[in-house]
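# What the coordinates show
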Amino acid sequence: MIISIASDHAGFEQKQQLVDYLVAKGHQVIDQGPDTDDRVDYPDYAAKVANDVASGAADRGVLVCGTGIGMALAADKVAGIRAANIINPQFAALCREHNDANVITLSGRFVTLETNQEILDVFLTTEFGGGRHAGRVEKIMALD
Ligand code: RB5
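Worth saying up front: this structure is predicted, and the values here are computed from it rather than measured.

### With respect to the sheet that holds strand S3 (residues 60-65)
The parallel open sheet is built from 5 strands, whose spatial order is S2-S1-S3-S5-S4. Either end of the sheet is taken by a strand with one partner, and the two such strands are strand S2 (28-31) and strand S4 (83-85). For this sheet, the mean inter-axis angle between neighbouring strands, taken without regard to orientation, is 20°. As judged from the 5 bridges shared by strand S1 (residues 2-7) and S3, these two strands associate in the parallel manner. The residue of S3 that forms the bridge with Ile3 is Arg60. On top of the sheet, helix H1 (residues 12-24) reaches S1, S2, S3 and strand S5 (103-107); it is set at about 165° to S1, its chief contact.

What follows is the structure in structure tokens.
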């Protein structure tokens, strides 16, 4: 899978570790930065990943900030994006099964690396459930 990933300064350390994790799992990773933990504005990085996914350059997106909240708010402004802020594996499964989320946003400050790795595994391997969920997702996308 082609995965676009980025963070802000608060998510930088985990972003670096998650890049290595995804590469080790055999994924093709587009690292949209930043390259240091200097202070940056998370919407700038959310836009890079969201645009990669919306354009088809990436299959999925991963964004890491302090909470994941700001990244989700920003990424969801981009047409075609369904970004979900996820802090446990159960919600990771549900955001795929029910919502067909194509971008996941993670907390680098309040969730451990190990849990975020587990969340990513679930996010990347769980299929959309379709059926009764399909029309609901279509209604979300009609709001773009
Ligand atoms: C940065 O201090 C912090 O606001 C950001 O990483 C994120 O948590 C925003 O939602």
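Next comes the rest of the account.
### Considerations on the packing of aromatic side chains
Inspection of every chain in the model, using the stated rule, returns 0 aromatic pairs. The ring centre of Tyr45 lies 5.5 Å from the NZ or CZ of Lys48, which sits over that ring.

### Brief notes about unusual backbone geometry
Of the consecutive residues Gly33 and Pro34, the connecting peptide bond is found in the cis state with omega at 0°. With respect to the secondary-structure elements, Pro34 resides in the loop between S2 and helix H2 (42-55). A positive phi angle is found at Asp100, which is not glycine, with a value near 50°. Among the structural elements, Asp100 can be located in the loop between helix H4 (89-97) and S5.

### Details of the site of the ligand
In the vicinity of the ligand, the contacting residues are Asp8, His9, Ala10, Tyr42, Cys65, Gly66, Thr67, Ile69, Gly70 and Arg109. Here an oxygen atom of the ligand sits 2.8 Å away from a polar atom, N or O, in the main chain of Gly66. Within the backbone of Thr67, one N or O atom sits 3.0 Å away from an oxygen atom of the ligand. In isolation the ligand has 290 Å² of accessible area, and contact with the protein removes 73% of it. Across the shell around the ligand, the residue classes tally to 4 nonpolar, 4 polar and 2 charged.

### Points about the pairing of S5
Within S5, 5 of the 5 residues are buried, which leaves the element mostly enclosed by the surrounding structure. As judged from the 5 bridges shared by S3 and S5, these two strands associate in the parallel manner. Counted as the bridge partner of Val62 is Ile104 from S5. In terms of handedness, the path from S4 via H4 over to S5 forms a crossover that is right-handed.

### Things to note about the nonpolar core
In terms of nonpolar packing, the biggest core is built from 22 residues, with Val62, Ile104, Leu106 and Leu120 touching the most fellow members. Elements with a contribution of two residues or more to this core: S1, H1, S3, H4, S5 and helix H5 (113-125). Looking at this core element by element, the count peaks at 6 residues for H5. In this view, Leu120 contacts Leu18, Leu22, Val62, Ile104 and Leu106; residues no more than four positions away in its chain are not counted. Counting 17 residues, the second-largest nonpolar core is a separate cluster that includes Cys65, Ala75, Ala83 and Val103.

Each value, and the rule that gives it
Residues numbered from 1 in each chain as written. Predicted model: local features only at pLDDT ≥ 70, side-chain atom pairs only at ≥ 80, totals over all residues. Heavy atoms only, no water. Pairing = 2+ DSSP bridges. Helix = DSSP H or I, 4+ residues; strand = E, 2+ residues; numbered from the N terminus. Axes fitted to C-alpha atoms, helices over the stretch in contact; angles between N-to-C directions. Contact = heavy atoms within 4.5 Å. Phe/Tyr/Trp six-rings, centres within 6.5 Å; stacked < 30°, edge-to-face > 60°. Lys NZ or Arg CZ within 6 Å of the ring centre and 35° of its normal. Near = heavy atom within 4 Å. Polar contact = N/O pair within 3.5 Å; in protein donor to acceptor, adjacent residues only side chain to side chain. Areas by Shrake-Rupley, 256 points an atom, 1.4 Å probe, with all protein chains shown as cover. Nonpolar A, V, L, I, M, F, W, Y, C, P; charged D, E, K, R; others polar. Buried < 20%, exposed > 50% of the residue type's maximum accessible area, 1.4 Å probe, protein only. Right-handed = clockwise from strand over helix to strand, strands pointing away. Core = buried A, V, L, I, M, F, W, Y, C linked by side-chain atoms within 4.5 Å.

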